[in-house]
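Overview (structure and organization)
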Amino acid sequence: MNRLCKILNIRFPIIQGGMGNISNAPLTAAISEAGALGTFGVGTRTPEEVEPILQQIKRTTTKPFAVNIPISVTKYGKEWIDLVSKYSVPVVSLSAGNPANFIPYLKERGIKVMTVVGTVKHGLKAMEAGTDIVVGEGFEAAGINSPYEITTMALIPQLRNSLSIPIIAAGGIGDGRGLAAALTLGADGVQLGTRFIVAKEAPFSKRYKEKIIQANDQATVIVGRSVGKIRRLLHTPYAQQLLTEEQNGMDEETYFRKTTELVHWRGAMEGDVENGLMNSGQIAGLVYAEQTAEEIIDSLIQEAKQAITELYKSYIV
Ligand SMILES: Cc1cc2nc3c(=O)[nH]c(=O)nc-3n(C[C@H](O)[C@H](O)[C@H](O)COP(=O)(O)O)c2cc1C
């Protein structure tokens, strides 16, 4: 139990990242039940749509869980603060925007705040704004990424040297060796997205899960560079279509229209590789099988212990 586990009141320093509109109660609750921190992402949904899902999570687990608010993606602000307070949500993760307008209101209500950043500058800003925890997300990660394209390996030790508060490493972590490496780089815990796509409890399409399991190290691409809004996807026919249209000068508005949460839903929930997108991190090549959330979390912990022990035995005499 390290300081991150103490702050979040969880057993293992493992967090499930928010997953936009495909976030759901069964996966969030299963991850929290297994001793890590499940996260429900609000995406572009309305507070009225999210309220029954929070009720469902609370019916399924009494363990702590988080709600992710992607600031520049959602139309709502105060409504989320009211909703998370109403349901005594213990942790809120803020991403994709300036967290300063949210943090004081959340902290006033006793809610712990994690802020997702892709650079040291943004980490410092989040710390000054009062965040309890910073999530350093590298460019290996699935979904919307920082345009600075800093990798987890480079970002985490630099964040560690600049910040005194706990840091969670996100992006490119798929097994216990990744967890051990992140701790060595100075993180207090890890956040995973891609590995949890194949959790048995995740109600995603069979095709999405199969594509993650079949993926190798070259399976993902970055779209959106031409408009300065990048996102990591599985290289499906739809992703290729986006790349081709970018080469032909796609404007920002068209890019946004073609990467909405509806398009995300079509890919992830309906398995439509021609008309929908599938978020994935580079670590998909390390995901080999569908497992329960508990099996995934237990294996991460066992593998991390083994990696640290073997390293200690081999190099330190
Ligand atoms: C399907 C999917 C949707 C995602 N949507 C969000 C989101 O809404 N908000 C967010 O902060 N991060 C989002 N992410 C990023 C994850 O929360 C997490 O930080 C990331 O996946 C970690 O990197 P990894 O994929 O290499 O494990 C998403 C990731 C996936 C796989």
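Residues numbered from 1 in each chain as written. Predicted model: local features only at pLDDT ≥ 70, side-chain atom pairs only at ≥ 80, totals over all residues. Heavy atoms only, no water.

Observations regarding the overall build of the protein
Here is the rule we go by: Every helix listed is a DSSP run of H or I at least four residues long, and every strand listed is a run of E at least two residues long, numbered separately from the N terminus. Restricting the calculation to C-alpha atoms gives the radius of gyration, and the globule rule supplies 2.2 Å times the number of residues raised to the power 0.38. Only protein chains enter the accessibility calculation, which uses a 1.4 Å probe. A residue is then buried if its area is under 20% of the maximum for its type, exposed if over 50%, and partly exposed in between. Residue contacts follow a heavy-atom distance rule, with two residues in contact if any of their heavy atoms lie within 4.5 Å. Accessible surface is estimated by sampling points in the Shrake-Rupley manner with a 1.4 Å probe; for residues, cover comes only from the protein chains shown.
For the protein, the helix and strand inventory stands at 14 helices and 11 strands. A compact globule built from 317 residues should have a C-alpha radius of gyration of about 20 Å, and the protein, at 18 Å, falls within 12% of that. Summarising its shape, the C-alpha atoms of the protein cover approximately 55 × 50 × 40 Å along the three principal directions. Burial status across the protein gives 56% buried among its 317 residues. The contacts in the protein between residues at least 6 apart in sequence include a share of 62% that link residues at least 24 apart. Of the roughly 13900 Å² that the protein leaves accessible, carbon and sulfur atoms contribute 51%.

Structural notes on unusual backbone geometry
For Ser88, which is not a glycine, the phi torsion comes out positive at approximately 45°. With respect to the element layout, Ser88 can be found in the loop between helix H4 (78-86) and strand S4 (91-95). The class for Ser88 is exposed, based on a relative accessible area of 52%. One non-glycine residue with positive phi stands out, namely Glu149, at about 55°. Given a relative accessible area of 26%, Glu149 falls into the partly exposed group.

Overview of the packing of aromatic side chains
The condition is simple: In this analysis, rings of Phe, Tyr and Trp, with Trp reduced to its six-membered ring, are considered paired at centre separations within 6.5 Å, and the interplanar angle assigns stacked below 30 degrees, edge-to-face beyond 60, and tilted for intermediate values. Charges are assigned to positions over rings by a cutoff of 6 Å between ring centre and Lys NZ or Arg CZ, combined with an angular limit of 35 degrees from the ring normal.
Applying the stated criterion across every chain yields a total of three aromatic pairs. Between the aromatic rings of Tyr255 and Phe256, the centroid separation amounts to 5.8 Å while the plane-to-plane angle is 55°, which identifies the pairing as tilted. Judged by relative accessible area, which is 3%, Tyr255 ranks as buried. Above the ring of Phe139, the side-chain terminus of Arg232 is found at 4.7 Å from the ring centroid.

Focus: the side chain of Thr28
Here Thr28 shows up in helix H2 (residues 25-33). If near-sequence neighbours (up to four positions away) are discounted, Thr28 is found in contact with Gln16, Gly38, Thr39, Phe40, Ile57 and Phe65.

Points about the nonpolar core
Using the following cut-off: Note on terminology: a nonpolar core comprises buried Ala, Val, Leu, Ile, Met, Phe, Trp, Tyr and Cys residues joined through side-chain atoms within 4.5 Å.
Formed by 48 residues in total, the largest nonpolar core has its most connected members in Ile14, Leu159, Phe196, Phe204, Tyr208, Ile212 and Ile297. At the level of elements, H2, helix H7 (152-162), strand S8 (167-170), helix H8 (176-185), strand S9 (189-192), helix H9 (194-197), helix H10 (206-214) and helix H14 (293-315) are the ones that each hand at least two residues to this core. Ala25, Leu54, Val84 and Leu106 belong to the second largest nonpolar core, which has 24 residues in total.

Points about the sheet that holds S8
Filter applied, for reference: Paired strands, as defined in this entry, are two strands with at least two bridges between them according to DSSP. Comment: axis = line fitted to C-alpha atoms, over the contacting stretch for helices; angle = value between 0 and 180 degrees taken between N-to-C directions.
Read from one edge to the other, the open sheet built from eight strands follows the order S1-S9-S8-S6-S5-S4-S3-S2, with strand pairing classed as parallel. The strands lining the two open edges of the sheet, one partner per strand, are strand S1 (14-16) and strand S2 (38-41). Averaged over all neighbouring strand pairs, the angle between strand axes comes to 25°, with direction disregarded. Summarising the sheet, strand S3 (residues 65-70) and S4 pair through five bridges and their orientation is parallel. Residue pairing for S4: Val67 is matched across the bridge by Val92. In the packing of H7 onto the sheet, the strands contacted are strand S5 (112-117), strand S6 (133-137) and S8, and the crossing angle to S8 comes to about 175°.

Comments concerning the pairing of strand S11 (residues 231-234)
Pairing analysis gives two bridges linking strand S7 (residues 143-144) to S11, with the strands arranged antiparallel. Note on S11: the bridge partner recorded for Ile144 is Arg231.

Quick notes on the pairing of S6
Of all five residues in S6, five are buried; the element is thus mostly enclosed. Here S6 shows a buried face lined by Ile133, Val135 and Glu137 and a second buried face lined by Val134 and Gly136. The sheet contact formed by S5 and S6 spans four bridges and is parallel. For Val116, the partnering residue across the bridge sits in S6 and is Val135.

Let's talk about helix H13 (residues 261-268)
As a reminder of what qualifies: The arc in question is formed by the directions pointing from the helix axis toward the C-beta atoms.
Where H13 is concerned, the buried positions are Glu261, Val263, His264, Gly267 and Ala268. Along H13, the residues classed as buried sweep out an arc of 155° about the axis, all on the same side. Next to the buried residues of H13 lie H10, S11, helix H11 (237-247) and helix H12 (252-258).

Brief notes about the sheet that holds S7
Strand order in the open sheet made by the three strands is S7-S11-S10, with antiparallel pairing throughout. The sheet terminates laterally at S7 and strand S10 (220-223), the two strands that pair on one side only. Across the face of the sheet, H11 comes into contact with S10 and S11 while running at roughly 40° to S10.

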